[in-house]
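Read off the chains here:
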Amino acid sequence: MTFTIILCYLSLLLFLGLFAGRLLKKSSSDFFLASRGIGPFMLLMSVFGTTMTAFALIGSTGKTFDQGIGVYGLMASWSGIIHAAIFFLVGAKVWALGKKHGYVTQLGYFRSRYQSDGLALLLFPLVVCFVILYLLMGVIGAGRFIEGVTPETFSESTVVTTVSLAAAPADLKVPDGWKERVSLKDGNLSVTGSLHPKRKGLFMKMSKAPEWKKAVGALIAKAPRGAVPKWAGMAIVCLVVLFYVFFGGMRATAWANTMQTLVFMVMGLIAFYVITKALGGPVEASKKLLANETKNSVMAREGLIGKWQFLTYCFIPLSVGMFPHLFQHWLTARKASNFKLTVVAHPICILITWVPCVLLGMWAFGVLPEGTNPNAVLGMMVARYSGEALAGLIGAGVLAAIMSSMDSQFLCLSSLFTNDIISHHFGKGKISDEKKILLGRGFVVAIVLICYLIGLSNTQSVFDLGIWCFTGFAGLFPILFAALYWKRSNKQGAIAGVLALAVLEATCYFLSLAEGEGEFLLLGMMPVTFIVGITTAVMVIVTLLTPPPDEEIVEKFFPAKN
Amino acid sequence: MITQSSFKSSAATESRQTTVRTLVIGLILLLAVLHHDWWWWDAKEPLVLGFMPIGLAWHAGISLAAGLVGLVAVSFCWPAHLDEEDGGGESASTEDNPGEAAPASAEDDAPAATDTGKEEAS
């Protein structure tokens, strides 16, 4: 049932891609920027959908379970303030410059503003690397998620899995439905048919004996899961996104993002309603948790989040200003005033998506066992308090959140390769628009394939590295801000800033490895604080020590207002 | 021709815009300060609306306030010169930006706008 609902949703996206493809004009501006014709509502939805990942639903619930309600202030309300300010101060201005000078990518703007191919070439590997890490989190996350929500979809009913268990525990209570499948003979515990990790809790409940729990762990690891495997889930999601980006370019991406954003917002609210109702209503759920002295710590921040960490987290949302895929979305707006709705409604959309999830995570802490994997919290709450149909709908919502970022990232990487490398360096004025679309599509296929293959071979290290891609983008933000608002800023300062960022980022990453597990903080603060501060200082000092940019450039980018 | 009265009126508008701009910057800074609510740090109660811990309700309020500040900003401080680009500002040429795609022409824009409109209406 769950898998069928997910498949229906994915089919809808394929249809949307096909439809958008029929409207595609044969111009690269249409493929990469939807002919700069996106209206205010679609701009809001595509920008919001692009900035929200699966974390908005699964991560926010899990992180609240782990760190309490402070997670909202840490991640959501800071983002509301800072993202809106960036859309106002940076997004609309970038749009105007892009329209006036014909930019398709972020690097095209930097190259032109600083008159430096070197700066663009220096930024290219950094930006591509950060985006690929971000993308991989989505690809792997989608594969893992589908595997997690589709137990017994392809159940193997005859296979027998056996592990050793010296003797049957005295308190063993096998539930009725499982008596035929579970057997204990001659020191062996066997189960017939598939066994998904989701069933672990059920098996653990059968006995409290430590040797039993150990045997169950081994059994779960050894038995076939009967679910859609991770490689297949990743392949399905990649193919669907590839299909609509390939055929419909940016227009399909913007349409799909609009639909996906609405889907994940609505599904989050439905999950909240159903689960809250099952818990006896929001007032009852909160009262019960408050009365539980051992568990009500999640209703505050004391001991769960540091005050300096809370303050310095404000630098992380700056990353949004430098996301190349978001930069491309800004360029798609039909007019500057289309940004107004995004500036006003973005913090409200964050509120609508995050508050229900944070409340669910908080209440989950009161009802689920401690030590539950935070990423499984939403899934467990859905499984416990709703039916399979809702699980399928929530599954579609989570995939929508993942794919609404992935599609823009695939298209953005393709734009960077096509426009900033091939077209700029190897085909100045020689590549026709049709060839650009062909190249763009070729790169989309290549990037999807590369990400899929990396996703197959690697898992955890990508997530560990992923945190650093946000820090990296945030560290590059001062360079963009200076380019837009500081006439005196020059290429030497920008290059020095990028180099400083690369060195600092690598240093902090290796320091975090040495530190081991847990959140890596410097003097109790987020490392991004130091990275943004030092990068800005280096950029400003080098700029002031080197000649100012040409008058011509200043006039081009800072024309006198009439 | 610029008359004395039109000059005075434009100076008054500019002065009002500067005041509102300062106000918006002040409001954003105020939000940033209010965001760091040490005073609710270990408070689990009161429960706003009977279910939302005060620390969470406070930050939900910050998000709402951010939307309101955004509304003031776009209503009174919107950089009008950006909208002038809509009406077909200076066009980029390929000589201007070798290697960059030319900006969408008016012809390109019109049907796309219709497409978008259709989509949004549905």
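This one's a predicted model, so the numbers in the text were calculated from it and none came from an experiment.

Peer 1: Could you give me a rundown of helix H16 (residues 388-426) of chain A, with the residues and numbers involved?
Peer 2: Counting along an α-helix, one turn takes 3.6 residues, and residues three or four places apart therefore face a common direction. Taking 1.5 Å of rise per residue, 39 residues should cover 57 Å, and H16(A) covers 54 Å from first to last C-alpha, within 8% of that figure. Of all 39 residues in H16(A), 31 are buried, a share of seventy percent or more.

Peer 1: So what about the confidence of the model for chain B? Which residues, and what values?
Peer 2: All names here are of chain B. Residues with a pLDDT of 70 or more make up 58% of chain B, whose mean pLDDT is 70. Note on residues 88-122: pLDDT is under 50 here. Beyond four places in sequence and across chains, it has 63 contacts. Scoring the predicted complex yields pTM 0.83 and, for the interface, ipTM 0.83.

Peer 1: Quick rundown of the pairing of strand S1 (residues 160-164) of chain A? Include the residues and the values.
Peer 2: Residues and elements named next belong to chain A. Of the two faces of S1, the one holding Thr161 and Val163 is buried and the one holding Val160, Thr162 and Ser164 is not buried anywhere. Summarising the sheet, S1 and strand S3 (residues 188-192) pair through 5 bridges and their orientation is antiparallel. When the bridges of S3 are listed, Thr161 appears paired with Val191.

Peer 1: Residue-level account of the interface of chain A and chain B, with values.
Peer 2: How big an interface is tends to be reported as the loss of accessible area on association of its parts. Contacts between the two partners involve 73 residues from chain A, matched on the other side by 61 residues from chain B. Surface buried jointly by chain A and chain B totals about 5,800 Å² across both partners, of which 66% is contributed by carbon and sulfur atoms. Inspection of the chain A/chain B interface yields 1 salt bridge. The salt bridge partner of Arg301(A) is Asp37(B), with a shortest N-O separation of 2.6 Å. The element best represented in the side of chain A that touches chain B is helix H5 (residues 70-101) of chain A, accounting for 14 residues. Here the residues of the side of chain A that touches chain B sort into 36 nonpolar, 21 polar and 16 charged.

Peer 1: Break down the nonpolar core for me, with residues and values.
Peer 2: All names here are of chain A. In this structure, Tyr109, Phe110, Trp330, Trp354 and Trp363 are the most contacted members of the largest nonpolar core, which totals 202 residues. The leading source of residues in this core is helix H10 (residues 230-278), at 23 residues. With residues near it in sequence (within four places) discarded, Trp354 still touches Met52, Phe55, Ala56, Ser60, Val71, Tyr72, Met75 and Ala76. Ranked by size, the runner-up nonpolar core spans 17 residues in total, among them Val191, Ala215, Val216 and Leu219.

Peer 1: Give me the side chain of Thr418(A): which residues, what numbers.
Peer 2: All names here are of chain A. Residue position: Thr418 is located in helix H16. Among the residues examined, Thr418 registers a relative accessible area of 0% and is labelled buried. Within the local environment of Thr418, its side chain forms a polar contact with the backbone oxygen of Ser414, the two atoms lying 2.7 Å apart.

Peer 1: Lay out the pattern of salt bridges with the relevant residues and their values.
Peer 2: Residues and elements named next belong to chain A. Inspection of the entire model under this criterion finds 5 salt bridges over all chains. In this structure, Arg111 and Asp117 form a salt bridge, with 3.9 Å as the shortest nitrogen-oxygen distance. Among the residues examined, Arg111 registers a relative accessible area of 5% and is labelled buried. Taking relative accessible area as the criterion, Asp117 reaches 32% and is therefore assigned partly exposed. One salt-bridge network, held together by shared partners, links Arg111, Asp117 and Asp420.

Peer 1: Which residues make up the packing of aromatic side chains, and what values do they have?
Peer 2: Residues and elements named next belong to chain A. One pass over the full model with this rule turns up 31 aromatic pairs over all chains. Ring geometry for Trp468 and Tyr509: centres 6.3 Å apart, planes at 80°, overall edge-to-face. Taken together, the residues span a long stretch of sequence, with Trp468 in helix H18 (residues 460-485) and Tyr509 in helix H19 (residues 491-515) at a distance of 41 residues. Ring centres of Phe477 and Phe481 lie 5.8 Å apart, and the angle between their planes is 40°; this geometry places the pair in the tilted category.

Peer 1: Account for a nonpolar patch on the surface, with residues named and values stated.
Peer 2: Taken together, the side chains of Trp231(A), Leu449(A), Leu453(A) and Leu456(A) define a hydrophobic patch exposed on the protein surface, amounting to about 430 Å² of accessible area. Residue placement: Trp231(A) occurs in helix H10.

Peer 1: Please provide a residue-by-residue account of the sheet that holds strand S2 (residues 182-185) of chain A, values included.
Peer 2: Residue and element names in this part refer to chain A. Strands sit in the order S1-S3-S2 across an open sheet of 3 strands; the sheet is antiparallel. Taken across any chain shown, the strands that pair with only one partner, and hence form the sheet edges, are S1 and S2. Between one strand axis and the next, the sheet turns by 20° as a mean value, whatever way the strands run. The pairing of S2 with S3 spans 4 bridges and is antiparallel. Residue pairing in the sheet places Leu184 in a bridge with Leu189 of S3. In the packing of helix H9 (residues 210-222) onto the sheet, the strands contacted are S1, S2 and S3, and the crossing angle to S1 comes to about 145°.

Peer 1: Explain the state of the cysteines to me, and be specific about the residues and the numbers.
Peer 2: Residue and element names in this part refer to chain A. Evaluated as defined, the whole model comprises 0 disulfides over all chains. For Cys349, which is in no disulfide, the shortest distance to another cysteine sulfur is to Cys357 and amounts to 14 Å. Lacking any disulfide linkage, Cys508 is separated from the closest cysteine sulfur, that of Cys469, by 15 Å.

Peer 1: Describe helix H11 (residues 282-291) of chain A, naming the residues involved and giving the relevant values.
Peer 2: Within the span of H11(A), buried status applies to Ala285(A), Ser286(A), Leu289(A) and Leu290(A). Buried positions in H11(A), seen along its axis, are confined to an arc of 130° and lie on one side of it. Every exposed residue of H11(A) that faces more than 90 degrees away from the buried side is listed here: Lys287(A), Lys288(A) and Ala291(A). Buried positions along H11(A) lie against helix H14 (339-367) of chain A together with strand S1 (47-48) of chain B.

Peer 1: I'd like a rundown of empty space enclosed by the protein, residues and numbers included.
Peer 2: All names here are of chain A. For the coordinates displayed, the defined rule picks out 1 cavity of 30 Å³ or more. Together, Gly268, Ala271, Cys357, Leu360, Leu378 and Ile394 line the largest cavity. Mapped by element, the contributors of at least two residues to the lining of the largest cavity are H10 and H14.

Criteria and cut-off values
Residues numbered from 1 in each chain as written. Chains lettered and ligands numbered in written order. Predicted model: local features only at pLDDT ≥ 70, side-chain atom pairs only at ≥ 80, totals over all residues. Heavy atoms only, no water. Helix = DSSP H or I, 4+ residues; strand = E, 2+ residues; numbered from the N terminus. Expected span 1.5 Å × (residues − 1). Buried < 20%, exposed > 50% of the residue type's maximum accessible area, 1.4 Å probe, protein only. pLDDT = per-residue confidence, 0-100. Contact = heavy atoms within 4.5 Å. Pairing = 2+ DSSP bridges. Buried area = accessible area lost by both parts, 1.4 Å probe. Salt bridge = Lys/Arg side-chain N within 4 Å of Asp/Glu carboxyl O. Nonpolar A, V, L, I, M, F, W, Y, C, P; charged D, E, K, R; others polar. Core = buried A, V, L, I, M, F, W, Y, C linked by side-chain atoms within 4.5 Å. Polar contact = N/O pair within 3.5 Å; in protein donor to acceptor, adjacent residues only side chain to side chain. Phe/Tyr/Trp six-rings, centres within 6.5 Å; stacked < 30°, edge-to-face > 60°. Patch = residues over 30% accessible without salt bridge, like charges linked within 9 Å, V, L, I, M, F, W, Y side chains within 5 Å. Areas by Shrake-Rupley, 256 points an atom, 1.4 Å probe, with all protein chains shown as cover. Axes fitted to C-alpha atoms, helices over the stretch in contact; angles between N-to-C directions. Disulfide = S-S within 2.5 Å. Arc of directions from axis to C-beta. 1 Å grid on protein atoms, 1.4 Å probe; cavity = no way out; pocket = protein on both sides within 12 Å on 5 of 7 lines; lining within 4 Å. Points joined across faces, edges and corners; volume = space filled by probe spheres on them.

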